[in-house]
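A look at the structure
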Amino acid sequence: MIELTVNETSMTAYVNWSWEAPTQYWNDYAGGTVLLPNGDYLGDFGNPTHQDPQNQPWNFNDTGAVLVEVNPSGQVVKTFTFPVGYYIYRVAW
């Protein structure tokens, strides 16, 4: 998950905040991040199987979509794991 500041005048960007999810949550589509009103970030790892079509060993577990709330310090606050087959297109607030 990543938060950027973009300066359209100078055409520059920099990272304000980032958090790298455990590899078992990585997916090649269906994900997003939102900043919650409490200052935490909610990440959506929405792949319904978390299996890579090319069977990459870094991208497999026995879950469907995963939602993770992470505080600004990078600590996981909550994790919601759905069964295989459950898909989340995006997360929005």
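For the structure, see preceding data.
First, a word on scope: everything that follows refers to the structure included in this document.

**Focus on the packing of aromatic side chains**
What describes a pair of aromatic rings is the distance from one ring centre to the other and the angle between the planes of the rings. Tallied over the full model, the rule gives two aromatic pairs. Seen in terms of ring centroids, tryptophan 17 and tyrosine 41 are 3.7 Å apart; in terms of plane orientation they differ by 5 degrees. Their pairing is stacked. Of the two residues, tryptophan 17 sits in strand β2 (residues 12-18) while tyrosine 41 sits in strand β4 (residues 41-45), which places them 24 residues apart along the sequence. Each ring, one from tyrosine 25 and one from phenylalanine 45, has its centre 5.8 Å from the other, and the planes form 40 degrees; the classification is tilted. With tyrosine 25 in the loop between β2 and β3 (31-35) and phenylalanine 45 in strand β4, the pair connects residues that are 20 residues apart, well separated along the chain. The exposure classification of tyrosine 25 matches that of phenylalanine 45, with both residues buried.

Here is what the cut-offs are and how they apply
Residues numbered from 1 in each chain as written. Predicted model: local features only at pLDDT ≥ 70, side-chain atom pairs only at ≥ 80, totals over all residues. Heavy atoms only, no water. Phe/Tyr/Trp six-rings, centres within 6.5 Å; stacked < 30°, edge-to-face > 60°. Helix = DSSP H or I, 4+ residues; strand = E, 2+ residues; numbered from the N terminus. Buried < 20%, exposed > 50% of the residue type's maximum accessible area, 1.4 Å probe, protein only.

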